[in-house]
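One-letter residues, chain by chain:
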Amino acid sequence: MTEFNSKKIKVDNNADSKEPNLPAFLSKPDNAPAYYGFPLVKETETDGFIYGEITDYMDFDQEEGCTYGDGYVQAPDGSRAGLIWEVDEKPYLSVSIQPEEVRWGVYNVGFAKPIQSIDDLIYNFRKVLPLIKEAYQKAHSK
């Protein structure tokens, strides 16, 4: 089993917080979407799906780059799901938490290669996007 150490988190400094001395993800406004207070990475947008960053994808844990992290995906309709990712030989997606009212699930995801740049993040996101789209369709067909 892979041992994971804590990673730096990314905060959306433009997100409104109910309490000025707290980051928005700890004091989010009423009716805020899941993962509010964590930034979307606009460069990843593909077919209306966008990767959202919870842990810093540039927080290298290995010499070859960042090999695991936490994020989320926002669908074209604005709904969101969590992503727990790691580098794996083959892209995969498996359910960690079933869909619920606030999000359409949390998924374990295998990215194809370590991340050293925004281009690597875009590549990995697009590689697993067909699997993410399937999960989205499945969650929304119930």
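Residues numbered from 1 in each chain as written. Predicted model: local features only at pLDDT ≥ 70, side-chain atom pairs only at ≥ 80, totals over all residues. Heavy atoms only, no water.

Visitor: So what about the overall build of the protein chain? Which residues, and what values?
Guide: Within the protein chain, the secondary structure is distributed over one helix and five strands. Taking 2.2 N^0.38 as the reference for a compact globule, 142 residues should give roughly 14 Å; the C-alpha atoms of the protein chain span a radius of gyration of 15 Å, in line with that estimate. Taken along its principal axes, the extent of the C-alpha atoms in the protein chain is 40 × 35 × 30 Å. The contacts of the protein chain with a sequence gap of at least 6 include a subset with a gap of at least 24, amounting to 51%. In the structure as shown, the protein chain presents an accessible area of about 8100 Å², 46% of it carried by carbon and sulfur atoms. Here the protein chain holds 15 positive side-chain charges and 24 negative ones, and the gap between their average locations is 5 Å. (Helix = DSSP H or I, 4+ residues; strand = E, 2+ residues; numbered from the N terminus. Rg over C-alpha atoms; globule rule 2.2 N^0.38 Å. Contact = heavy atoms within 4.5 Å. Areas by Shrake-Rupley, 256 points an atom, 1.4 Å probe, with all protein chains shown as cover. Lys, Arg positive; Asp, Glu negative; His and termini not counted. Charge placed at Lys NZ, Arg CZ, Asp CG, Glu CD.)

Visitor: Describe the sheet that holds strand 3 (residues 80–87), and please don't skip the residues or the numbers.
Guide: Ordered by their spatial adjacency, five strands build an open sheet running 1-2-3-5-4, and the pairing between neighbours is mixed. Looking at strand neighbours, the two that pair on one side only are strand 1 (50–53) and strand 4 (92–97), the edges of this open sheet. Taken over all neighbouring pairs, the strand axes of this sheet differ in orientation by 35° on average, direction set aside. Where strand 4 meets strand 5 (residues 106–111), five bridges bridge the pair, whose relative direction is antiparallel. Paired with Tyr 92 across the two strands is Gly 110, which belongs to strand 5. (Pairing = 2+ DSSP bridges. Axes fitted to C-alpha atoms, helices over the stretch in contact; angles between N-to-C directions.)

These values are about where atoms sit, not about what they do.
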